[in-house]
Amino acid sequence: MIGFIYFATVFIWGTTWLAIAYQIGDVPIANSIMYRFALASLVLVLFLLITKRLQRLSLKQHGSCLLLGLCLFSCNFMLFYHAAQYIPSGLISIVFSIATIMNMGNSWLFHGQKPRLRLICGGILGISGIILLFYPDISHSETASQQLLGLVMALAGTYCFSLGNMLSAKQQKQGLSVLSVNAYGMAYGAALLLVWGLLSGQEFGFSTEPLYLGSLIYLAIIGSVLGFSFYLVLVGKLGPQKAAYATVLFPVVALGLSTVFEGYQWTLVSLSGVAIVLLGNLLVFTKASPWQKWRLKLAKVE
């Protein structure tokens, strides 16, 4: 079951990046994200009510869900959607894959779990790959400032996501239901985005274009209800660092779709950057050095 949930998460979230790109247009970004999580929360709450599985929470626990809504269901996606205005969705997925490294750093910061040297090396590789991937566009392109802005937004969104991972792991250790917490958190996230829209004075909009509606429904039901539920189950079962390993595989799906539907152009530099990012993430999760494994095998043969 864990294997099924893992690969379902990879496929679902690998495809959501392209759907996010289809949400960018005439509708204000905050509105699109609000519609997404309001719909997702409604579907999830109705399901939990019908099955009598909606968990009642204390005021303090609702405060925790409000923070989860801020980190996982509003602030991070505001940053991701805005980043999609400047850089291809496939590149955002690459930046998002270093959530593994950010989770490692946050586990050290909040739980005192000091990373080993191998994990630090993996982090350095991941960051180096991101720099290599974006450096040609940032240094030579006429839209360098936009590329850099998109990168910074994607990094900030990923860090918000990592903070949400830490919070979700804590909630599950306290016995809170993943589905119930998601339902409340998505509702709070949508409410925060509504308040943001009202305070900023933006005009509320909506689109009935098939591509917009289709991507919105896909993001709400498949990407949010199923995707987040699956992922946070992995967080509870495997821990934030191991669960985030799924993000290493998202770019394989996302970049393939970005190449076909967004016309992303591959170069030797971009291929190298992606490879280094993925290598850094893999190194974070490798329990032993490959060379050490080979030495052990050779020792057995001798």
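As the structure is a prediction and not an experimental result, all values here were calculated from the model.

Trainee: I'd love a proper account of unusual backbone geometry, names of residues and values included.
Mentor: The phi dihedral of K52 falls on the positive side, at around 55 degrees, and the residue is not glycine. Position of K52 among the secondary structure elements: in the loop between α2 (29-50) and α3 (59-72). Here K52 falls in the exposed class, since its relative accessible area comes to 77%.

Trainee: Can you break down helix α8 (residues 144-173) residue by residue, with the values?
Mentor: Taking 1.5 Å of rise per residue, 30 residues should cover 44 Å, and α8 covers 44 Å from first to last C-alpha, within 8% of that figure. In the segment just after α8, G175 is the residue with positive phi, at about 90 degrees.

Trainee: Tell me what's going on with the packing of aromatic side chains, and back it up with residues and numbers.
Mentor: Applying the stated criterion across every chain, the model contains 20 aromatic pairs. Taking the centre distance of 5.3 Å and the plane angle of 90 degrees together, the rings of W17 and F80 count as edge-to-face. Residue W17 is found in helix α1 (residues 2-21), and its partner F80 is found in helix α4 (residues 75-83); the two are separated by 63 residues along the sequence. Take W17 and F80: they sit in the same class, and that class is buried.

Trainee: Go over the confidence of the model for the chain, please, and point to the residues and values.
Mentor: Per-residue confidence for the chain gives a mean pLDDT of 84; residues scoring 70 or more make up 91%. Counting interchain partners and residues more than four positions distant, the pLDDT-below-50 stretch residues 293-299 has one contact.

Trainee: Go over a nonpolar patch on the surface, please, and point to the residues and values.
Mentor: Taken together, L39, L42, L46, L49, I50 and I217 make up a surface patch of nonpolar side chains, about 570 Å² in accessible area. The leading source of residues in the nonpolar patch is α2, at five residues. Structurally, the position occupied by L49 is in helix α2.

Trainee: With reference to specific residues and values, describe the environment of C65.
Mentor: Locating C65 in the fold gives a position in helix α3. Given a relative accessible area of 0%, C65 falls into the buried group. For the pair formed by C65 and V181, sequence separation is 116 residues and the distance between their alpha carbons is 6.2 Å. Not counting the four nearest positions on each side in its chain, C65 is found in contact with L57, Q171, V181, Y184, G185 and Y188.

Criteria and thresholds
Residues numbered from 1 in each chain as written. Predicted model: local features only at pLDDT ≥ 70, side-chain atom pairs only at ≥ 80, totals over all residues. Heavy atoms only, no water. Helix = DSSP H or I, 4+ residues; strand = E, 2+ residues; numbered from the N terminus. Buried < 20%, exposed > 50% of the residue type's maximum accessible area, 1.4 Å probe, protein only. Expected span 1.5 Å × (residues − 1). Phe/Tyr/Trp six-rings, centres within 6.5 Å; stacked < 30°, edge-to-face > 60°. pLDDT = per-residue confidence, 0-100. Contact = heavy atoms within 4.5 Å. Patch = residues over 30% accessible without salt bridge, like charges linked within 9 Å, V, L, I, M, F, W, Y side chains within 5 Å. Areas by Shrake-Rupley, 256 points an atom, 1.4 Å probe, with all protein chains shown as cover. Salt bridge = Lys/Arg side-chain N within 4 Å of Asp/Glu carboxyl O.

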